[in-house]
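# Tertiary structure, described
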Amino acid sequence: MISEFTKQDFRLKQGCGRPDTLVDFDSGKANSSLQRYVVETVALKRPLSVMCGATVVGITGEDAKTAVTGVSVRLPDGTLQEVKSPVVVVSGGSVGSARLLSASRGSVTVKESVGANFWDVPQVVLQYRTKDRSSHNCLFDPLVSAFLKADLRFSKPVLSLLSSYDDLMALWSPKAGAAPEATILFQPFTLNNDGTSPLSGEHGCQFVVRPLRPFSRGKVNADGTVDPNYFSAAGDLENLQNAVRYVKEQLVKKTPFIPIIGDLVGERLESSGINGGSCASVVDPTTFQVTGTDGLYLCDGSIIPGALSGNPIPYKLALADKFVDKLLKKKDVRRKVEDADAESGGSTRIVY
């Protein structure tokens, strides 16, 4: 579906699962944060089209594969549409961007190393029943109070303890004074008896344990499959095991938790969804251009070469800000866009 953003008006055709009108036409104020940002903050001076529910399945290029000419898009009804553009910016995440570039190697120049150096942060989720039936999800939950009072590092308060409503996070190290090796995220919630999913019948909590900076590297393969290759680097497995052991054998047995936390009812290893690195080797970090293909740019977490401490979103926002500044200052990009607009009356298009 195509949504048209202009400085004066915004309409959304049916099919995106949102209201048809996301702006108050009387006041001109938007009801959508995205629309408000695009229209009021960015103050667009040219049309912008958003294709909802569509998928870019390939990037097209000139016969010599040295310049981009557009993208192939699969619409929600399954039909393919060719979108012509002299400038293409890829932002599909560490898995999606690598898959798209690999699938497009027959049309544009992309290094064979695309997909390599993929890093993904694993996590262990430990779910517990609670003895206190009054537990509920809020900052004043007795579970949260207990967590705040607990000494997480050798009976010393952890200065890095953070709070976000009912989730709390601590950085943990097995040795006093040493650099942290893991994060422990505490989440009070309700769960069913086997700990598999939150329900209203049973109170509980969970600890999510993640290595802070894993060094193992996997790959997003050309066929689209992903191999995270967890624990291939020395020390990654031991660091995570030590942190999990600390939660199970020490933290939950500390005085503030004894009257509250009950049996361990669920334990699983999974991806945290924090990843990157898969396209770091195929993009020029100074220009964000995919090496070898004029007009093709990439800006997302896939170009971050190593795992980051903490929330990756601020890093990605900083990258995006730097990329936009560089792109807008490129005279050749401005010329291409202006020529395309003059020829077809085209607009910037976002496929989402």
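What counts, and where the lines are drawn
- Residues numbered from 1 in each chain as written.
- Predicted model: local features only at pLDDT ≥ 70, side-chain atom pairs only at ≥ 80, totals over all residues.
- Heavy atoms only, no water.
- UniProt positions renumbered as here; feature names shortened; annotations may be inferred.
- Helix = DSSP H or I, 4+ residues; strand = E, 2+ residues; numbered from the N terminus.
- Buried < 20%, exposed > 50% of the residue type's maximum accessible area, 1.4 Å probe, protein only.
- Contact = heavy atoms within 4.5 Å.
- 1 Å grid on protein atoms, 1.4 Å probe; cavity = no way out; pocket = protein on both sides within 12 Å on 5 of 7 lines; lining within 4 Å.
- Points joined across faces, edges and corners; volume = space filled by probe spheres on them.
- Nonpolar A, V, L, I, M, F, W, Y, C, P; charged D, E, K, R; others polar.
- Domains from an automatic or database assignment.

An unreviewed UniProt entry annotates the protein chain as GMC oxidoreductase, putative originating from Angomonas deanei. What the UniProt record of the protein chain gives under Cofactor (unreviewed entry) is the line "FAD".

The subject of this paragraph is the environment of leucine 269. Looking at the element boundaries, leucine 269 is found in strand S15 (residues 261-276). Taking the relative accessible area as the measure of exposure, leucine 269 reaches 47% and is therefore partly exposed. Distance from leucine 269 to leucine 126, taken between C-alpha atoms, is 9.2 Å for residues 143 residues apart in sequence. Sequence-distant contacts of leucine 269, that is, excluding residues within four places in its chain, are made with Pro122, Gln123, Val124, Phe231 and Leu240.

For lysine 65, which is not glycine, the phi dihedral falls at a positive 65°. Tracing the sequence through the fold places lysine 65 in the loop between strand S4 (55-61) and strand S5 (68-74). Given a relative accessible area of 32%, lysine 65 falls into the partly exposed group. Backbone geometry places phenylalanine 231, a non-glycine residue, at a positive phi of 65°. Topologically, phenylalanine 231 is positioned in the loop between strand S14 (226-227) and helix H4 (236-249).

Taken as a whole, the second largest pocket spans an internal volume of roughly 330 Å³. As for the second largest pocket, its lining consists of 15 residues, and the residues nearest its centre are Met169, Arg210, Ile274, Gly310 and Asn311. At the level of elements, strand S10 (167-172), strand S11 (182-190) and strand S12 (203-211) are the ones that each hand at least two residues to the lining of the second largest pocket. Residues that form the lining of the second largest pocket fall into these classes: ten nonpolar, four polar and one charged. For the lining of the second largest pocket, the domains that each give at least three residues are domain 1 (51-117 + 277-344) and domain 2 (120-215 + 247-274).

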